[in-house]
Amino acid sequence: MKLSHIKLYPLAIPLIEPIKMSGETITHANTLLVYLKTNTGKEAWGETSAAPLMTGETLGGLLQNAKYLGEHLRGLDITELNSISMVLGKILYGNTSVKSCFEMAIIDLFAQAQDTSVWQILRDLSKNKTQTKPIPLPLLRMLGGSLDKEVADAALYRAQGYRHWKIKVGSLPLAEDLERVSILCDLLAGDIVSADANGAFNLDQAVIFCTAEKTRQLSFVEQAIAAKSTIDDFSLLKSKSHLPIALDESIHDVNEIKYFDQANALDGASLKLIKTGGLVSGLAAALELQRRNLKINLACKVAETSLSAAATASLGFAIDSIPWGFSMSNQYLEFDICAKPLHAENGHLNIEQLNPIGIGVTPEINLVTQAHSKEYSTVLC
Ligand SMILES: [Mg+2]
């Protein structure tokens, strides 16, 4: 399978409302699409998003690295699924985000060639022999804005069937976050409610947060302290915490899962394709978590389109169990790039929303054009 045509589309899609995190406020989905065409006329798309505070990538940086990767990939013959990461790694070191974008599209091409779906390919790779249809993935909904808005949204989306929640903490004074969390947990009693500090707390604040009476109903606390903290600090936090500890910014691959688990520093992790470098390594990370009885949250970066959502969901459908929910972030976009965007049905994503062949969704070029970044141009590799 030779790649004969590679095109890059840098997008900036406005969010319905800004999403405030401890280190940044996101107003647009700065995301990059790659379009591939083979010498046999097959077409596929991939996506990756800028995440300056998670992968160090900006949209401009992604575009430049994707251009470099694309120029070297054009004309190459990729014959095996398992060789994709080796082929990409021989061209470019690191840069997991850009690689995930190409890998997603290339696996789509393999799926099309085999007349199957990406999720089925991943299920086969995971040695999951289950013959039944994948179960719906529980979607995680992020709460944000003023407390009044969070309370109203919690009620609104709970009535729509959502049962997994994330409260962003760390940008307000600790006492205020504790109060918010307490009020929202009371409102959402019985649900899977998490708090994500994106590494904003110091160790003392994190211990207070994870042992406070007001947070006792939380199901887990995500990345309470910064990824650059010492392993001793992570272990100490988990030993003192009354709540399960999730890591996000700290976890990129299987080795880091092993490292933190051996130090007894986590109860689970959030996996994103931009961190793992794609679906195959993301699947390996998910299986390592399962082997170690650690919990999984599967997530798109805030915010990505239905394309990345379909790819990430394919991983969830392959492994069948996402106890900490699937953060599908196209739900925060003003508009999507697919004619039928993936959407929540009773708080879940059902397999029927994905087309049975390939990755499951196809961007519409007119919507891609509408979403185009004003800052950067389309690049033909
Ligand atoms: Mg997170």
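The structure under discussion appears in the preceding block.
The structure contained in this document is the topic of the report that follows. (Residues numbered from 1 in each chain as written. Predicted model: local features only at pLDDT ≥ 70, side-chain atom pairs only at ≥ 80, totals over all residues. Heavy atoms only, no water.)

For sheets, the rule is that strands pair by backbone hydrogen bonds, running either parallel or antiparallel. Ordered in space as S5-S6-S7-S8-S9-S10-S11-S12, the eight strands form an open sheet in which the pairing is parallel. Bordering the open sheet on either side are strand S5 (140-143) and strand S12 (326-327), each of which pairs with just one other strand. For strand S7 (residues 192-196) and strand S8 (residues 220-222), the ladder comprises three bridges, and the chain directions are parallel. Paired with Ala195 across the strands is Val221, a residue of S8. The sheet contacts of helix H11 (residues 279-291) involve strand S10 (268-271) and strand S11 (295-299), and relative to S10 the element is tilted by about 165°. (Pairing = 2+ DSSP bridges. Helix = DSSP H or I, 4+ residues; strand = E, 2+ residues; numbered from the N terminus. Contact = heavy atoms within 4.5 Å. Axes fitted to C-alpha atoms, helices over the stretch in contact; angles between N-to-C directions.)

Within the first shell, the magnesium ion binds the protein through Asp196 (OD), Glu222 (OE) and Asp248 (OD), at distances of 2.0 to 2.3 Å. Ordering the donors of the magnesium ion by residue number gives the pattern D-x25-E-x25-D. Pair noted here: Asp196 is in strand S7 and Asp248 is in the loop between strand S9 (245-247) and helix H9 (254-262), with a separation of 52 residues, a long-range link. Take Asp196 and Asp248: they sit in the same class, and that class is buried. (Donors = N, O, S within 2.8 Å, 3.2 Å for Na, K, Ca; no water. Buried < 20%, exposed > 50% of the residue type's maximum accessible area, 1.4 Å probe, protein only.)

Moving on to the nonpolar core. Ranked by size, the top nonpolar core spans 129 residues in total, and within it Leu73, Phe102 and Phe209 carry the most contacts. With 10 residues, the top contributor of residues to this core is helix H3 (residues 96-113). Looking at which domains feed residues into this core, each of domain 1 (3-115 + 363-380) and domain 2 (124-353) gives three or more. (Core = buried A, V, L, I, M, F, W, Y, C linked by side-chain atoms within 4.5 Å. Domains from an automatic or database assignment.)

So, on to the side chain of Glu103. In this fold, Glu103 is placed in helix H3. One buried charge, Glu103, has no salt-bridge partner; the nearest side chain with opposite charge is Lys99, at 11 Å. A polar atom in the side chain of Glu103 sits 2.6 Å from the backbone nitrogen of Leu279. Ignoring anything within four residues of it in the chain, the contact list for Glu103 reads Ile84, Leu88, Gly277, Gly278, Leu279 and Val280. (Lys, Arg positive; Asp, Glu negative; His and termini not counted. Salt bridge = Lys/Arg side-chain N within 4 Å of Asp/Glu carboxyl O. Polar contact = N/O pair within 3.5 Å; in protein donor to acceptor, adjacent residues only side chain to side chain.)

This next bit is on the packing of aromatic side chains. Tallied over the entire structure, the rule returns eight aromatic pairs. Ring geometry for Phe201 versus Phe209: centroids 5.2 Å apart, planes at 40°, classification tilted. Per residue, the accessibility class of Phe201 equals that of Phe209, and both read buried. Taking 5.2 Å as the distance between ring centres and 85° as the angle between the ring planes, the aromatic pair formed by Phe234 and Phe260 counts as edge-to-face. One end of the pair, Phe234, is in helix H8 (residues 231-240); the other, Phe260, is in helix H9, with 26 residues separating them in the sequence. Judged by its relative accessible area of 2%, Phe234 is buried. Connected via pairs of aromatic rings, a cluster forms that spans Tyr9, Tyr35 and Trp45. Lying over the aromatic face of Tyr157, Arg141 brings its terminal NZ or CZ to 3.8 Å of the ring centre. Sitting over the face of the ring of Tyr162, Arg141 holds its NZ or CZ atom 5.9 Å from the ring centroid. (Phe/Tyr/Trp six-rings, centres within 6.5 Å; stacked < 30°, edge-to-face > 60°. Lys NZ or Arg CZ within 6 Å of the ring centre and 35° of its normal.)

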